[in-house]
Amino acid sequence: MAANLGIQTVGEAKELRGLNLIAAHSHIRGLGIDIERLEPRASSQGLVGQLKARKAAAVILQMVKEGKIAGRAVLMAGPPSTGKTAIAMGIAQSLGQDVPFTMLASSEIYSLEMSKTEALTQAFRKSIGVRIKEESEMIEGEVVEIQIDRSVTGANKQGKLTMKTTDMETIYDLGGKMIDGLSKEKVMAGDVISIDKSTGKITKLGRSYTRSRDYDAMGADTKFVQCPDGELQKRKEVVHTVSLHEIDVINSRTQGFLALFSGDTGEIRAEVRDQINTKVAEWREEGKAEIVPGVLFIDEVHMLDIECFAYINRALEDELAPIVIMASNRADTRIRGTDRQRSVHGLPVDFLDRVVIVPTYPYNQEEIGQIISIRAQEEEVELSADALALLTKIGKETSLRYGSHLITTSNLIAAKRKANVVAIQDVQKAYTLFYDQARSVKFLQEYESKMIGDDGAAEMGLGGPDAMEM
Ligand SMILES: Nc1ncnc2c1ncn2[C@@H]1O[C@H](COP(=O)(O)OP(=O)(O)O)[C@@H](O)[C@H]1O
Ligand SMILES: [Mg+2]
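Residues numbered from 1 in each chain as written. Chains lettered and ligands numbered in written order. Predicted model: local features only at pLDDT ≥ 70, side-chain atom pairs only at ≥ 80, totals over all residues. Heavy atoms only, no water.

K.L.:
Can you explain the overall build of the protein? Please cite residues and give values.
P.N.:
From N to C terminus, the protein includes 15 helices and 21 strands. Buried positions account for 44% of the 470 residues belonging to the protein. Taking as baseline every contact in the protein between residues at least 6 positions apart, the subset at least 24 positions apart corresponds to 66%. Entry remark: accessible area of the protein is about 25,900 Å², with carbon and sulfur atoms responsible for 52%. (Helix = DSSP H or I, 4+ residues; strand = E, 2+ residues; numbered from the N terminus. Buried < 20%, exposed > 50% of the residue type's maximum accessible area, 1.4 Å probe, protein only. Contact = heavy atoms within 4.5 Å. Areas by Shrake-Rupley, 256 points an atom, 1.4 Å probe, with all protein chains shown as cover.)

K.L.:
Quick rundown of the environment of Val-242? Include the residues and the values.
P.N.:
Structurally, the position occupied by Val-242 is in strand 13 (residues 233-243). Between the C-alpha atoms of Val-242 and Val-130, which are 112 residues apart in sequence, the distance is 5.4 Å.

K.L.:
Would you mind going over the packing of helix 6 (residues 244-251) against helix 8 (residues 270-285) in detail, with residue names and values included?
P.N.:
Where helix 6 meets helix 8, the closest approach of the two axes is 10 Å, and the angle between their N-to-C directions is 125°. It follows from the interaxial angle that helix 6 and helix 8 lie oblique. As for the relative orientation of helix 6 and helix 8, their crossing is right-handed in sense. Between helix 6 and helix 8, the residues in contact are Leu-244, Ile-247, Asp-248 and Asn-251 and Val-272, Arg-273, Ile-276, Val-280 and Trp-283, respectively. Residue composition of the contact of helix 6 with helix 8, grouped by class: six nonpolar, one polar and two charged. (Axes fitted to C-alpha atoms, helices over the stretch in contact; angles between N-to-C directions. Parallel < 35°, antiparallel > 145°, perpendicular 65-115°, else oblique. Left-handed = near helix turned anticlockwise from the far one by under 90°. Nonpolar A, V, L, I, M, F, W, Y, C, P; charged D, E, K, R; others polar.)

K.L.:
Would you mind going over the confidence of the model for the protein in detail, with residue names and values included?
P.N.:
Here the protein averages 82 in pLDDT, and 86% of its residues register 70 or above. Confidence drops under a pLDDT of 50 for residues 1-5, and excluding neighbours within four residues, the segment shows 17 contacts in the predicted structure. In the predicted structure, residues 462-470 sits below a pLDDT of 50 and forms four contacts with residues beyond four places in sequence or in another chain. (pLDDT = per-residue confidence, 0-100.)

K.L.:
Residues and numbers for a nonpolar patch on the surface, please.
P.N.:
Among the surface-exposed residues, Tyr-435, Phe-443, Leu-444 and Tyr-447 lie close enough to one another that they form a single nonpolar patch of about 380 Å² accessible area. Following the sequence through the fold, Phe-443 ends up in helix 15 (residues 437-446). (Patch = residues over 30% accessible without salt bridge, like charges linked within 9 Å, V, L, I, M, F, W, Y side chains within 5 Å. Salt bridge = Lys/Arg side-chain N within 4 Å of Asp/Glu carboxyl O.)

K.L.:
Go over the sheet that holds strand 15 (residues 295-299), please, and point to the residues and values.
P.N.:
Taken in spatial order, the five strands of this open sheet run 6-15-16-5-19, and their pairing is parallel. The sheet is open, and its two borders are formed by strand 6 (101-105) and strand 19 (355-359), each paired with just one other strand. When strand polarity is set aside, the average angle formed by the axes of neighbouring strands in this sheet is 20°. With five bridges joining them, strand 5 (residues 73-77) and strand 16 (residues 323-328) adopt parallel strand pairing. (Pairing = 2+ DSSP bridges.)

K.L.:
Outline unusual backbone geometry, listing residues and values.
P.N.:
Positive phi outside glycine occurs at Lys-186, with the angle close to 55°. Lys-186 gets classed as exposed once you look at its relative accessible area, which sits at 61%. Positive phi values are uncommon outside glycine, yet His-345 reaches one of about 60°. Position of His-345 relative to the elements: it lies in the loop between strand 18 (342-344) and helix 10 (349-352). Since its relative accessible area comes to 14%, His-345 is described here as buried.

K.L.:
Tell me about the site of ligand 1, and please be specific about residues and values.
P.N.:
Of all residues adjacent to ligand 1, which total 18 residues, the nearest are Val-48, Lys-84, Thr-85, Tyr-363 and Arg-401. Ala-24 is positioned with one of its backbone polar atoms (N or O) 2.8 Å from an oxygen atom of ligand 1. Ala-86 is positioned such that a nitrogen or oxygen atom in its backbone is 2.9 Å from an oxygen atom of ligand 1. Bound to the protein, ligand 1 loses 96% of the 550 Å² it would expose on its own. Those elements giving two or more residues to the shell around ligand 1 turn out to be strand 4 (47-48), helix 2 (84-94) and helix 13 (400-416). Counting residues per element, the shell around ligand 1 draws most heavily on helix 2, at three residues. Of the residues belonging to the shell around ligand 1, the class tally is nine nonpolar, seven polar and two charged. (Near = heavy atom within 4 Å. Polar contact = N/O pair within 3.5 Å; in protein donor to acceptor, adjacent residues only side chain to side chain.)

K.L.:
Quick rundown of the packing of aromatic side chains? Include the residues and the values.
P.N.:
In total, this model carries four aromatic pairs according to the counting rule given. When the ring of Phe-124 is compared with that of Tyr-311, the centres are 6.0 Å apart and the planes differ by 75°; the resulting orientation is edge-to-face. You can see Phe-124 sitting in helix 3 (residues 116-126) and its partner Tyr-311 sitting in helix 9 (residues 306-315), a full 187 residues away along the chain. For Phe-124, a relative accessible area of 4% puts it in the buried group. Residue classification places Tyr-311 among the buried positions, given a relative accessible area of 17%. (Phe/Tyr/Trp six-rings, centres within 6.5 Å; stacked < 30°, edge-to-face > 60°.)

K.L.:
Any details on helix 12 (residues 385-397)? Residues and values, ideally.
P.N.:
End to end, helix 12 covers 18 Å across 13 residues, agreeing with the expected 18 Å (1.5 Å per residue, within 8%). When we look at burial in helix 12, the residues that qualify are Ala-387, Leu-391, Thr-392, Ile-394 and Gly-395. Down the axis of helix 12, the buried side of the element spans an arc of 165°, and every buried residue falls inside it. In helix 12, the exposed residues that point more than 90 degrees away from the buried face are Ala-385 and Glu-397. The elements touched by buried residues of helix 12 are helix 11 (365-378), strand 20 (382-383), helix 13, strand 21 (421-422) and helix 14 (424-433). (Expected span 1.5 Å × (residues − 1). Arc of directions from axis to C-beta.)

K.L.:
Report on the pattern of salt bridges, specifying residues and quantitative values.
P.N.:
As enumerated under the stated definition, the model contains 27 salt bridges in all. Here Glu-137 and Arg-235 are joined by a salt bridge, their closest N and O atoms 2.7 Å apart. In this pair, Glu-137 sits in strand 7 (residues 128-150) while Arg-235 sits in strand 13, placing the two residues 98 residues apart along the sequence. On the accessibility criterion, Glu-137 (29% relative accessible area) is partly exposed. The exposure class of Arg-235 is exposed, given its relative accessible area of 51%.

K.L.:
Please provide a residue-by-residue account of the packing of helix 12 against helix 14, values included.
P.N.:
The interhelical angle for the contact between helix 12 and helix 14, taken along N-to-C directions, is 30°, at an axis separation of 7 Å. Considering the angle they form, helix 12 stands roughly parallel to helix 14. Two secondary-structure elements touch here, helix 12 through Asp-386, Ala-387, Leu-390, Leu-391 and Ile-394 and helix 14 through Ile-424, Val-427, Gln-428 and Tyr-431. The class makeup of the residues in the contact of helix 12 with helix 14 is seven nonpolar, one polar and one charged.

What follows is the structure, encoded as structure tokens:
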């Protein structure tokens, strides 16, 4: 914690990352790029084909890794299920440990809890990391004795902790919080521990070698370490990366730490953000912090409206801006929030002007076959050769996504007849049970008069118009 810098940060929130990975892309482990030549491999890390777009993604990745170029916008444009989201996931997987990646589905903007610009601001600030170097005061040594006095009711705990290095020994007074911490970590005499003075965090480093006689009593996984020498109190440099948004949340008084975990952050006041920006700028000047521009991925970007685009346009020019990657499957469409202003990909012309466009193309039969078989492996479904061939054909003729959805359903049908391997008949059955888009449209057209129309009207009865008169 950066208590000594006046603004709090959180070091361990990184575990939250990855929660928004979607199961449909769980087979993707990276971009599948030969790093040295920056060339995509035909099939690697779960990605197949789409070589040009993957190469472009690798170049973007390189830019992000160098951390110098921010405020650029990239648009991935192509028909549905051509791997736009998949490639973005590949980028996310290949980013360094502490480089933030935020995924935003455009519809998330339209929430009742906060304004569109607030939601966008949060998404932008989640995508910018601040790598903070801090010196913290640590007490590091071997525990000689822990002595705890409990009052009769057990409510007031007090105690003393004796710690030593090879050169000195000191007795510390313990409060209730430290006592709880020690018992939670199961600290005993003979353990070598470190205590962060500002947060009270206790870390067990191992057992002291002088106690190696107790080996039998401790079990095989015990790590033995030397008793430290020198002073008990040391200054240590720790580095951790947090996003600007995390700093915002913790420092907005009404919300605080818990909001980070509940995700229930609400709107954050502009003054809080201004203060934090100033503070971060100060830290940078003093060499205490570095900015790590990350990636903001906005999926189905044509769902944004003209106000959002104006916001993004401006936000990209900010000094603290991430790289923004967007995906759209629209060609020429009306821009949301306008009456009839049309534009390519649903993006306003002035905004289009500043993005570089990466196209994605439909897959050929072979690539579809490979993707479906990777998905089957991922879902732990075994397909017979002809089942795979049929799924591939279906995938090619309808859509890749429909084809890969049939993997699970065919498997359920196979399980019903107690088979371990999906056969062609299971796929056929699944195909008749679940419609793809084209058949669904045909079905709807045939029964159009019976469906609820745009105006809410529907015909009842079975026999056409005459039936109602009877
Ligand atoms: N090149 C690829 N390699 C492996 N899987 C892919 C590839 N392209 C798409 N997929 C998978 O196919 C499905 C549809 O692709 P998706 O990325 O969602 O398409 P889009 O976002 O372009 O509509 C997803 O499950 C995705 O992971
Ligand atoms: Mg997508």
